[in-house]
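Topology and contacts: notes
Here are the chains, one letter per residue:
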Amino acid sequence: MEKFFQIAIDGPGGAGKSTIAKAVAQKLGIEYIDTGAMYRVLGLKMLKNGMEFKDSSDLRMLLDNTSIDFRDGDIFLDGEPAGHLIRTQEVSMAASACSAIPAVRKKMVEAQQKMGESKNVIMDGRDICEVVFPQAQFKFFVTADTQERARRRFEELKAKGENVTFEQVLAQIKERDLNDSTREASPMRQADDAELLDTTDMTAEQAADYICEKVRKTVK
Ligand code: DC
């Protein structure tokens, strides 16, 4: 059987994970799976249905009746493209809230493991190194200074025409870091065997090249 490799990337919001992972995927010709987007589309669906962010029979039913997949790198929710709807502050907070529910994580992790088992992939999120692909050949914890992460997110949101202040973005980044790292189910943390990559003073391109170099040295 052919052996595939996984590149697992964890880290907090705004650290540049998805930009870096996308660039690595392109350079190496492998698939990128944005697991945060999966929690975001589910958060969006829960918001739309006016649901509370806690376990319930309604949530179990919703999970059984939700399909999430990627086509050419774009995320689809129940067969509809949803990537353009999930980068708002409201959906960010909904994603963080729904990702703390164990039943949600179970469904997402199973789907992610399936997506990555039969091809070479780079996957980013919060629990990839320890839960989704503990056997991944390459593991990184990508982070950056909190102010710098907020600045990046703020620029991103401003470019999209969102009406937010830097202080609001900074406060939400801090709140999300706290939610994500203190929840009981798979809290965000650097895995013991993951390499720390601090991108505060690095461009995404430099970080991507660093990862590609490591992979190319091992995978011929
Ligand atoms: O990476 P992101 O900002 O798009 O992620 C959105 C939220 O989803 C984040 O607050 C935490 C959660 N998440 C998670 O718990 N596990 C993952 N593997 C990916 C994201």
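Let me sum up the structure you'll find in this document. (Residues numbered from 1 in each chain as written. Predicted model: local features only at pLDDT ≥ 70, side-chain atom pairs only at ≥ 80, totals over all residues. Heavy atoms only, no water.)

**Side note on the overall build of the chain**
- When helices and strands are counted, the chain shows nine helices and eight strands.
- Relative to its length of 220 residues, the chain is compact, with a C-alpha radius of gyration of 17 Å against a globular reference of 17 Å.
- On the principal axes, the C-alpha backbone points of the chain span a range of 50 × 45 × 30 Å.
- Taking all 220 residues of the chain together, the buried fraction comes to 49%.
- In the structure as shown, the chain presents an accessible area of about 11200 Å², 50% of it carried by carbon and sulfur atoms. (Helix = DSSP H or I, 4+ residues; strand = E, 2+ residues; numbered from the N terminus. Rg over C-alpha atoms; globule rule 2.2 N^0.38 Å. Buried < 20%, exposed > 50% of the residue type's maximum accessible area, 1.4 Å probe, protein only. Areas by Shrake-Rupley, 256 points an atom, 1.4 Å probe, with all protein chains shown as cover.)

**Here's the deal with the sheet that holds strand β2 (residues 31–34)**
- The five strands are arranged β2-β6-β1-β7-β8 in an open sheet whose pairing can be described as parallel. With partners counted over all chains shown, the strands left at the sheet margins are β2 and β8 (195–198), one partner each. Adjacent strand axes in the sheet meet at a mean angle of 20 degrees when their direction is disregarded.
- In this structure, strand β7 (residues 138–143) lies alongside β8, joined through four bridges in parallel fashion. Residue pairing in the sheet places Phe140 in a bridge with Glu195 of β8. (Pairing = 2+ DSSP bridges. Axes fitted to C-alpha atoms, helices over the stretch in contact; angles between N-to-C directions.)

**Concerning the sheet that holds strand β4 (residues 74–77)**
- Spatially, the three strands line up as an open sheet ordered β3-β4-β5, and their pairing is antiparallel. Whereas interior strands pair on both sides, the edge strands pair on one side only; in this sheet they are β3 (68–71) and β5 (80–81).
- Where β3 and β4 come together, four bridges link them in antiparallel fashion. Bridging from a neighbouring strand, Ile68 pairs with Leu77 of β4.

**Examining the packing of aromatic side chains**
- If you walk through the whole model with that rule in mind, you get two aromatic pairs.
- Pairing Phe5 with Phe138 gives two aromatic rings, centres 6.0 Å apart and planes at 85 degrees, and the pair type is edge-to-face. Of the two residues, Phe5 is situated in the segment before β1 (6–10) and Phe138 in strand β7; the sequence distance between them amounts to 133 residues.
- Between the aromatic rings of Phe154 and Phe166, the centroid separation amounts to 6.0 Å while the plane-to-plane angle is 85 degrees, which identifies the pairing as edge-to-face. In this pair, Phe154 sits in helix α7 (residues 146–159) while Phe166 sits in helix α8 (residues 166–182), placing the two residues twelve residues apart along the sequence. (Phe/Tyr/Trp six-rings, centres within 6.5 Å; stacked < 30°, edge-to-face > 60°.)

**What to know about helix α3 (residues 57–64)**
- Buried within α3 we find Leu59, Leu62 and Leu63. The buried residues of α3 occupy an angular sector of 100 degrees when projected down its axis, which confines them to one face. The exposed residues of α3 that point more than 90 degrees off its buried face are Ser57, Met61 and Asp64. (Arc of directions from axis to C-beta.)

**A look at the packing of helix α1 (residues 17–28) against helix α9 (residues 204–218)**
- The contact between α1 and α9 brings their axes to 8 Å, and the two run at 45 degrees. Relative to α9, the element α1 is oriented oblique. Between α1 and α9 the crossing geometry is right-handed. Where α1 abuts α9, its residues Thr19, Ile20, Ala23, Val24, Lys27 and Leu28 lie against Ala204, Glu205, Ala207, Ala208, Asp209, Ile211, Cys212, Val215 and Arg216.
- Among the residues making up the contact of α1 with α9, the classes are represented as ten nonpolar, one polar and four charged. (Parallel < 35°, antiparallel > 145°, perpendicular 65-115°, else oblique. Left-handed = near helix turned anticlockwise from the far one by under 90°. Contact = heavy atoms within 4.5 Å. Nonpolar A, V, L, I, M, F, W, Y, C, P; charged D, E, K, R; others polar.)

**Some points on unusual backbone geometry**
- Of note, Asp78 is a non-glycine position whose phi angle comes to about 50 degrees, a positive value.
- By the element assignment, Asp78 lies in the loop between β4 and β5.
- A relative accessible area of 35% means that Asp78 is categorised as partly exposed.
- Here Ser186, not a glycine, exhibits a phi torsion of approximately 45 degrees, which is positive.
- Its location among the elements puts Ser186 in the loop between α8 and β8.

Function cannot be inferred from these measures alone, as they are strictly geometric.
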